[in-house]
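Fold and contact review
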Amino acid sequence: VATNGSESIYTDSGVTLFQDTPRTVSFTPTLTLVDGMNGGAVSVDGVPITGANSPMPIQSGALAGYAALRDTLAPEYQAQLDQIAGGLINTFAESDQSAAPTLPSLPGLFTTPGATSLPLMSATTGLGAAIEVNPNVDPSQGGNPNLLRDGGISDPGNPAYTYNATGAASYTGRIQQLLGQIVATQSFDPSAGLDSSANLTDYANASVSWLQAENQQASDASSYQNALATQANSALSNATGVNLDAEMTNMLNLENSYASTAKLLTTVNSMFSSLLQAA
Amino acid sequence: MIAVGANFVSTNYLANSLVGPVMQAQSQLTNAMTEESTGQYANLGLQLGDQSGYELSLKEQVGQLQTLTTGNSVVSTGLSTAQSALSAIQKSAQTTLDNLTAWTPAGDSGPSLQNMGQSALESLIASANTTSGDQYVFGGINSASAPMADYSSTPASAAKTAIDQAFQTTFGVLPSDPGAANISASAMQSFLSGPFAALFQGASWSADWSSALSVNTSAEIAPGQTVTTSTNANQPGFQQLAQAYAMLTEFGGSALSGDARQAVATAASSLVSQGVDSMINVQAELGSTESAVTNANSSMSSQLTILQGQIGNLDAVNATATAAQISSLTNQIQMAYELTSRLQQLNLAQYLPIP
């Protein structure tokens, strides 16, 4: 509130929302958001107030919360899920079992539709959504589940990827190798915000920990803000509201003074009439 | 004008002041009731925060240990089946050995040597084809097919054909041919230790007798502990016993001379006693695996207890504390309702006489 009585409203970062006239709050929606792409920013008066390019980003409130979720938290979690998916595909990869290996390793049990090579851990964007169980091993899609034991999921027609050459029923070498690979340390892209070198299960656990820690933090912040709002509300109500009892007392006072004034007038009136009758 | 000070309370605030606490208490009450009925925190992730990953890894370990324990019971069943089959083989070998020691060519007018061999060979093959579940326990990793084929089948088995052929190549006649009576004991001896013995080793053994693979099955019985969990019908014990029983079956008939049959019986009894020794070794190996499995199970079960206790420390709520919380919350809410209705009564207008 300025000295001349005019009122202005600013965001917590200092962008004007109202001064003389209301300012336009705008947002350009992105119709299709592909993996790894950031959505548009919310602008006030042409100045972006959310997103990485904002000169004056807002710090709290619903808009800031939604924007943080959309621009920071969700993409980071997505990156972690993509890394987990990539790690999973690489863990279950099949290598050339020939005496002199020449063929590249291929995705085994887990793959993505149409994959012809293993994903690079630095380029896993969108893997989390695309990962699937290889149809070659999925009985509901006409696959052969024995390939999980024998290997050769990646290319059933090519004996180079078959680990169990004799087809023996109790061959456990491949499965034991896979179990070992799951707990083997592998490298992850550090840009996902977690350890860059861990085993697959530890990495997935760390991702859950990260998410729940954010959850806890947000919940704490929210209950603090709630308490603040309740306090402010009671202060406001006390500052601008009235107490009915006090008002009632006032009214009774007024009534009484009105009544006594009236009584006084009546008395004066009767005094005059007595005087006039005596004359 | 009324002074607005620290003691001033607006009627609006007075009337609404309890709404917030009541709503808070109600939401706490629903949480507490969920916790009371499930025994776990209502919102586990929120409660544990960055400990969630630790909780998950503990649960993972529990799952792994439980899976291994289940798997171990399959392994144990397979092992004890194999042990009892080996005992049966050993027992029949012992019986054959006793009979062979008592046997003399002079006392045998009929095919008793041959019968002895036949029944022992049949019982050996039957024991070697023992299954546990639908797995052949002596098949090595090739557990889906019977390790030893029937010997006395029609048409003649590969093993019998190979023996007949070897005999004919050496002596020019079949064992059942009356001409075989001319074979001397020393010729018989050198045949048995030469061409005949070769049929029970290496490629001939795999081709004619056993479809087992020499690679044994292995299984992880505890985290990081992989042991060999079976044996296979390519062990020397099986070969020696099969060799002894086959020579009794084929050459124990009365077509051969007494001396030659004595040579057969002597060679057979030495092979059987070797076979018994080999079988004891195999049994000892399986026995040590069995005890490893038992040890792994007991150590995993104590680990499970520790882990489950740890998980309980993280995610379980104290039932008594929750029950107390529920009753105190209920009281609190009731009190708030009571106060709200009292506050509504607390109004100066109520106390003024209506003119």
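Here is what the cut-offs are and how they apply
- Residues numbered from 1 in each chain as written.
- Chains lettered and ligands numbered in written order.
- Predicted model: local features only at pLDDT ≥ 70, side-chain atom pairs only at ≥ 80, totals over all residues.
- Heavy atoms only, no water.
- Helix = DSSP H or I, 4+ residues; strand = E, 2+ residues; numbered from the N terminus.
- Rg over C-alpha atoms; globule rule 2.2 N^0.38 Å.
- Buried < 20%, exposed > 50% of the residue type's maximum accessible area, 1.4 Å probe, protein only.
- Contact = heavy atoms within 4.5 Å.
- Lys, Arg positive; Asp, Glu negative; His and termini not counted.
- Charge placed at Lys NZ, Arg CZ, Asp CG, Glu CD.
- Buried area = accessible area lost by both parts, 1.4 Å probe.
- Salt bridge = Lys/Arg side-chain N within 4 Å of Asp/Glu carboxyl O.
- Polar contact = N/O pair within 3.5 Å; in protein donor to acceptor, adjacent residues only side chain to side chain.
- Nonpolar A, V, L, I, M, F, W, Y, C, P; charged D, E, K, R; others polar.

Some thoughts on the overall build of chain A
Each helix and strand in chain A was counted, giving six helices and 10 strands. Its C-alpha atoms give chain A a radius of gyration of 37 Å, more than 25% over the compact-globule value 19 Å for 279 residues. By the burial criterion, 28% of the 279 residues in chain A qualify as buried. The contacts of chain A with a sequence gap of at least 6 include a subset with a gap of at least 24, amounting to 45%. Side-chain charges of chain A comprise 5 positive and 22 negative groups, with the mean position of each set lying 8 Å from the other.

Quick word on the interface of chain B and chain A
Contacts between chain B and chain A engage 37 residues on the former and 31 residues on the latter. Note on chain B versus chain A: buried area summed over both sides is about 2,600 Å², and carbon and sulfur give 56% of it. Run the count over chain B and chain A and you get zero salt bridges. Along the contact surface separating chain B from chain A lie 15 residue pairs in polar contact (both at pLDDT 80 or more). Counting residues per element, the ones that place at least two in the side of chain B that touches chain A are helix 1 (11–16), helix 3 (44–48), helix 4 (52–102), strand 3 (218–222) and helix 12 (348–351) of chain B. Per element, the largest residue contribution to the side of chain B that touches chain A is six residues, and it comes from helix 4 of chain B. Broken down by class, the residue content of the side of chain B that touches chain A amounts to 16 nonpolar, 18 polar and three charged.

Here we look at the pattern of salt bridges
For side chains of opposite charge, pairing can occur when their charged atoms come near one another. Per the stated rule, a full pass over the model turns up eight salt bridges over all chains. Residue Asp150 of chain A pairs with Arg149 of chain A through a salt bridge whose shortest N-O separation is 2.7 Å. Assigned by exposure class, Asp150 of chain A and Arg149 of chain A land together as buried. Here Glu250 of chain B makes a salt bridge to Lys160 of chain B, at a shortest N to O gap of 3.2 Å. You can see Glu250 of chain B sitting in helix 9 (residues 236–251) and its partner Lys160 of chain B sitting in helix 6 (residues 158–171), a full 90 residues away along the chain. Here Glu250 of chain B falls in the buried class, since its relative accessible area comes to 10%.

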